[in-house]
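Residue-level listing of the chains:
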Amino acid sequence: GRMKSLYDFCVLALGVVFEWSGAMKLISGGKWQVDGTPFATGNGRIDAAVRRWLPLTELVVGTLLVVRVATLAMGVVALAMLIAFTTALIRVLRSGQRPPCLCFGSSRPRPISWKTLVRNCVLIALAVTTIVGA
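A quick note: this is a predicted structure, and the numbers were derived from the prediction, not measured.

S.K.: Just checking my understanding: could you explain the overall build of the chain for this structure?
M.R.: Helix and strand counts for the chain stand at four helices and one strand. Listing every helix and strand of the chain by position from the N terminus yields α-α-α-β-α. Against the globule reference of 14 Å for 134 residues, the chain gives a C-alpha radius of gyration of 15 Å, in line with a compact fold. Taken along its principal axes, the extent of the C-alpha atoms in the chain is 50 × 25 × 25 Å. The proportion of buried residues among the 134 residues of the chain is 34%. For the chain, restricting intrachain contacts to residue pairs at least 6 apart in sequence, the fraction spanning at least 24 positions comes to 69%. For the chain, the exposed surface amounts to about 7600 Å²; the carbon and sulfur share of it is 69%. Of the side chains in the chain, 15 bear a positive and 5 a negative charge, and the two mean positions are spaced by 7 Å.

S.K.: Sorry if this is basic, but what is going on with the state of the cysteines here?
M.R.: Covalently bonding the sulfur atom of one cysteine to the sulfur atom of another cysteine gives a disulfide. Counted by the stated rule, this structure contains zero disulfides. Cys121 provides the cysteine sulfur closest to Cys10, a residue in no disulfide bond, and the two sulfurs are 15 Å apart. Between Cys121, a free cysteine, and Cys103, which holds the nearest cysteine sulfur, the sulfur-to-sulfur gap is 13 Å. Looking at Cys121, the relative accessible area reads 43%, which means it is partly exposed.

S.K.: So what exactly am I meant to see when it comes to the pattern of salt bridges here?
M.R.: Opposite charge on two side chains lets them pair, provided their charged atoms get close. Summed over the entire model, instances satisfying the criterion amount to three salt bridges. Asp8 serves as the salt-bridge partner of Arg68, at 2.8 Å between the closest nitrogen and oxygen. Taken together, the positions of Arg68 in the loop between α2 (44-66) and α3 (71-94) and Asp8 in helix α1 (residues 2-27) put the pair 60 residues apart, joining distant regions of the chain. The exposure class of Asp8 is partly exposed, given its relative accessible area of 26%.

S.K.: Whenever I open this one, the packing of α3 against helix α4 (residues 114-133) confuses me. Can you help?
M.R.: For any two helices packed against each other, one specifies the crossing angle of their axes together with the interaxial distance. Here α3 crosses α4 at 160 degrees, and the two axes come no closer than 9 Å. In terms of axis orientation, α3 runs roughly antiparallel to α4. The way α3 lies across α4 gives a crossing that is left-handed. The segment α3 lies against α4, with Thr71, Leu72, Gly75, Val76, Leu79, Leu82, Phe85, Thr86, Leu89, Ile90, Leu93 and Arg94 engaging Trp114, Thr116, Leu117, Asn120, Leu123, Ile124, Ala127, Val128, Thr130 and Ile131. The residue makeup of the contact of α3 with α4, split by class, is 15 nonpolar, six polar and one charged.

The rules behind the values
Residues numbered from 1 in each chain as written. Predicted model: local features only at pLDDT ≥ 70, side-chain atom pairs only at ≥ 80, totals over all residues. Heavy atoms only, no water. Helix = DSSP H or I, 4+ residues; strand = E, 2+ residues; numbered from the N terminus. Rg over C-alpha atoms; globule rule 2.2 N^0.38 Å. Buried < 20%, exposed > 50% of the residue type's maximum accessible area, 1.4 Å probe, protein only. Contact = heavy atoms within 4.5 Å. Areas by Shrake-Rupley, 256 points an atom, 1.4 Å probe, with all protein chains shown as cover. Lys, Arg positive; Asp, Glu negative; His and termini not counted. Charge placed at Lys NZ, Arg CZ, Asp CG, Glu CD. Disulfide = S-S within 2.5 Å. Salt bridge = Lys/Arg side-chain N within 4 Å of Asp/Glu carboxyl O. Axes fitted to C-alpha atoms, helices over the stretch in contact; angles between N-to-C directions. Parallel < 35°, antiparallel > 145°, perpendicular 65-115°, else oblique. Left-handed = near helix turned anticlockwise from the far one by under 90°. Nonpolar A, V, L, I, M, F, W, Y, C, P; charged D, E, K, R; others polar.

Rendered as structure tokens:
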């Protein structure tokens, strides 16, 4: 019915966004990295691991969502990632800084804003819907 169609749309949309984000980071090479930006953790090893593994993780999570494999687990992983991203975004916005958003690689680097936070909240809603409906 309608609820199933809505659920299917949410899973597909979340998966495509994660695939796009991972692919664009890979295409842009190291240009999207967090090192030296307000999003850096301050720990070079963690930042290096994020630079290396985040694009691949996003691609895997997105692809598994799109093909509907381990949907509950991938919804949980996506939600955890989105909460981490959103927490960092809020921290940077509250500090008054507006670095470019490299969430989707360096394809369209625009300064982060509260609109970026709204986008993340929509993605969190998609992840929660994915988890609840799995």
